[in-house]
Amino acid sequence: MPRISPDFELTNFCKDPAAALRQLRKTRRQIVLTVKGKPTAVLLHPAEHERIMTLARQADLNEAIRQSEAAIAAGHTRPAREVFDELRRKYNISR
């Protein structure tokens, strides 16, 4: 795992948060806040946060597809008609 280099010690950030926000707007790079030299929090530009969230949603979708394909390959499927017939019987639904 790459080492996270601190940008702002938390006490310095608290003294002048506007400086950190100016840096964030200017560079769009994450800002790592530290306490006693240890990473504690990360500030992200809104565009970068949205990019990361989009990647996470795509990764979730890809994993769901992968799991579905594995289930199909393993034969863990049933015909839809069979499933619907079972649900109709279970919930006493007539056609």
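Higher on the page you've got the structure.
Here the structure is a predicted model, which means the values were calculated and not measured.

### Some details on the nonpolar core
In terms of nonpolar packing, the biggest core is built from six residues, these being Phe8, Phe13, Ala20, Leu24, Ile31 and Leu33. When near neighbours in sequence (up to four residues on either side) are disregarded, alanine 20 contacts Phe8, Phe13 and Ile31.

### Points about unusual backbone geometry
Unlike most non-glycine residues, arginine 28 shows phi in positive territory, near 60°. Judged by relative accessible area, which is 49%, arginine 28 ranks as partly exposed.

### A look at the environment of glutamine 30
With respect to the secondary-structure elements, glutamine 30 resides in the loop between helix 2 (17-27) and strand 2 (31-35). When its relative accessible area of 39% is taken as the criterion, glutamine 30 is described as partly exposed. A C-alpha to C-alpha distance of 4.8 Å links glutamine 30 and leucine 44, two positions 14 residues apart in sequence. Setting aside its immediate chain neighbours within four residues, glutamine 30 contacts Asp7, Val42, Leu43 and Leu44.

### Brief notes about the pattern of salt bridges
In the structure shown here, the tally under the stated rule is six salt bridges. The partner of arginine 78 in a salt bridge is glutamate 86, and the shortest N-O contact between them spans 2.4 Å. Assessed through its relative accessible area of 42%, arginine 78 is described here as partly exposed. Since its relative accessible area comes to 37%, glutamate 86 is described here as partly exposed. Between arginine 88 and aspartate 85 there is a salt bridge whose closest N-O contact spans 3.1 Å. Remark: aspartate 85 and arginine 88 occur in helix 4 (residues 80-90); sequence separation between them is three residues, near one turn of the helix. Judged by its relative accessible area of 23%, aspartate 85 falls in the partly exposed class. Residues joined by salt bridges that share partners form a network here, namely Arg78, Glu82 and Glu86.

Procedures and definitions
- Residues numbered from 1 in each chain as written.
- Predicted model: local features only at pLDDT ≥ 70, side-chain atom pairs only at ≥ 80, totals over all residues.
- Heavy atoms only, no water.
- Core = buried A, V, L, I, M, F, W, Y, C linked by side-chain atoms within 4.5 Å.
- Buried < 20%, exposed > 50% of the residue type's maximum accessible area, 1.4 Å probe, protein only.
- Contact = heavy atoms within 4.5 Å.
- Helix = DSSP H or I, 4+ residues; strand = E, 2+ residues; numbered from the N terminus.
- Salt bridge = Lys/Arg side-chain N within 4 Å of Asp/Glu carboxyl O.

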